[in-house]
Amino acid sequence: MIPINLENRNNLNLHEYIYESIKNQIQEGLLKANEKLPSKRNLASHLGVSVITVQNAYLQLIDEGYIYSIEKKGFFVTDISSEFKEYKASVHKTKAQPVNESDITQDFSKEFIADFTSNSTNVEKFPFSLWSSLSRRVLKSGDEKLLSSVNVQGVLELRCAIANHLKSFCSMNVNPSNIIIGAGTENLFSLLVPLLGREKIYAVENPGYHKVSKVISANGASFIPVKIDSQGIDVEALKKNCASVVHISPSHHFPTGTVMTVKRRLELLSWAKKNKAYIIEDEYDSEFRFNTKPPLPLFARDPNGCVIYINTFTKTLSPSFRISYMILPDKLMSDFQKKLGFYSCSVSAFEQYTLSQFINLLYYEKHIIRMKNYYRNLRNEFISALQHSKLSEISFIEEENSGLHFLLTVKSNEKAKSIQTKLLDSGIKIALLSDFSYNSKNERKGFITFVVNYSSLKKEKIFSVVKILESVFIPQ
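Procedures and definitions
Residues numbered from 1 in each chain as written. Predicted model: local features only at pLDDT ≥ 70, side-chain atom pairs only at ≥ 80, totals over all residues. Heavy atoms only, no water. Salt bridge = Lys/Arg side-chain N within 4 Å of Asp/Glu carboxyl O. Helix = DSSP H or I, 4+ residues; strand = E, 2+ residues; numbered from the N terminus. Buried < 20%, exposed > 50% of the residue type's maximum accessible area, 1.4 Å probe, protein only.

Here's the deal with the pattern of salt bridges
Right, so step 1: Applying the stated criterion across every chain yields a total of 14 salt bridges.
Right, so step 2: Residue E186 is joined to K211 by a salt bridge in which the shortest nitrogen-to-oxygen separation is 3.1 Å. A residue pair is termed long-range when its members are at least 10 positions apart, and E186 in helix α7 (residues 185–196) and K211 in helix α8 (residues 210–218) qualify at 25 residues.
Right, so step 3: Looking at E186, the relative accessible area reads 23%, which means it is partly exposed.
Right, so step 4: When its relative accessible area of 36% is taken as the criterion, K211 is described as partly exposed.

See below:
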């Protein structure tokens with residue numbers, strides 16, 4: 001059996017550490033060329049890990065050419081001895097050049113006990129083996145459309161899959177011809193601004209996700225922040241401005257978590273109709289609603305063609321999975337084809353065909369259910385730990401049983417930035433609610449409110465996180 005000591009893996013994920021251990025043993029000659037490796041099941045049993053973990057390690061070794069598989073026989077070590085010797089010799093012959101630190105930009109990320117500003121997800125929850133299987137199936141099809149240029153809207157198969165998913169998930173009736181695929185919401189915004197007009201004024205939520213306003217500005221348009229209240233964006237405040245486009249996140253506002261009421265949704269639709277304005281409805285994490293179905297999107301309530309719907313697979317699959325989509329009303333779709341139809345889609349055909357199968361075969365629906373269960377348990381465990389700690393005496397939590405973040409407000413007379421720095425020095429990276437405000441002051445005196453994005457939190461780190469929070473706010 002391959003000797004692998006999991007106690008030495010430090011911060012590596014299990015499958016990454018198994019992969020590194022086997023790779024190193026192959027490079028050092030401890031595992032010989034054409035030597036048979038243990039089966040996935042036997043190695044998993046020996047190490048006390050899941051078969052999927054070993055499978056992911058083996059798949060990476062196969063992809064990089066360190067091992068190969070023979071059907072019904074198993075996995076074997078590739079003969080890389082001569083190539084590796086040449087590589088090591090070339091490395092030793094290459095004279096190291098002095099590096100001037102001022103000439104380069106280094107990005108060494110600090111290791112945090114918890115990063116509550118991160119959008120990353122638990123890597124072990126991604127269905128690697130299933131995705132690999134679907135990818136191979138798509139490649140084996142040998143279809144020439146995989147190598148063909150894709151028009152700006154994206155492949156029809158994926159657009160149909162998305163339309164069917166929205167029909168079953170939130171009762172939206174969508175024509176696939178009105179769907180546009182893009183490499184992230186930033187990419188889609190870069191198409192929307194020239195489509196709607198750079199001369200228009202764009203309203204954004206305050207507080208809100210600042211990247212939206214940055215993308216609007218980067219594309220040559222102006223924006224104004226509009227306050228939100230307990231029901232959503234303030235329509236009366238919106239009426240006082242000259243905006244003709246407004247960006248909202250009604251199902252779970254970031255960062256406050258507010259869910260826009262039906263009354264406010266209808267008021268907003270009425271404002272858009274009266275002013276011939278457009279609403280950009282951003283449903284970035286609408287899938288993560290834990291106790292009830294998501295509210296009916298504005299797009300589904302709009303008979304006047306005033307709503308543009310945007311969503312992404314980033315939150316449900318992975319931040320590195322840059323596939324988003326938007327749905328345009330008929331009139332805008334016609335304008336889009338005339339003005340921007342010459343573009344090519346920014347997402348590869350291969351990824352789109354793989355994702356379309358993932359959705360059509362109902363794997364995506366099952367994946368969302370698994371992720372909802374995982375995050376519900378993670379959130380409940382984390383909130384319970386906070387509520388049973390000393391911190392509960394000086395804090396309260398605001399959350400709407402949806403999305404992947406909540407607000408934690410703590411009584412403190414210290415400056416918010418000072419506390420934020422203390423937490424950072426203690427290994428916790430966390431954002432203040434005021435970080436997302438366009439106003440210089442919005443913190444209540446004597447209170448500090450944090451935005452806790454728990455999507456990347458490890459369950460085994462919860463106890464440590466709570467103890468650090470206690471030590472910062474309730475020093476001995």
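Description of unusual backbone geometry
Peptide bonds are, in most cases, trans, and in most cases residues other than glycine have a negative phi.
Right, so step 1: Geometrically, the link from N206 to P207 is a cis peptide bond, its omega value of 5° lying close to zero.
Right, so step 2: For the peptide bond that leads from F254 to P255, omega is 10°, which places it in the cis range.
Right, so step 3: Checked against the element boundaries, P255 lands in the loop between β8 (245–248) and α10 (262–275).
Right, so step 4: Phi is positive for K72, close to 70°, though the residue is something other than glycine.
Right, so step 5: Tracing the backbone shows K72 in the loop between β1 (67–70) and β2 (74–77).
Right, so step 6: Residues other than glycine seldom take positive phi values, yet S171 does so here, at roughly 60°.
Right, so step 7: Mapped onto the fold, S171 is located in the loop between α6 (156–170) and β4 (179–182).

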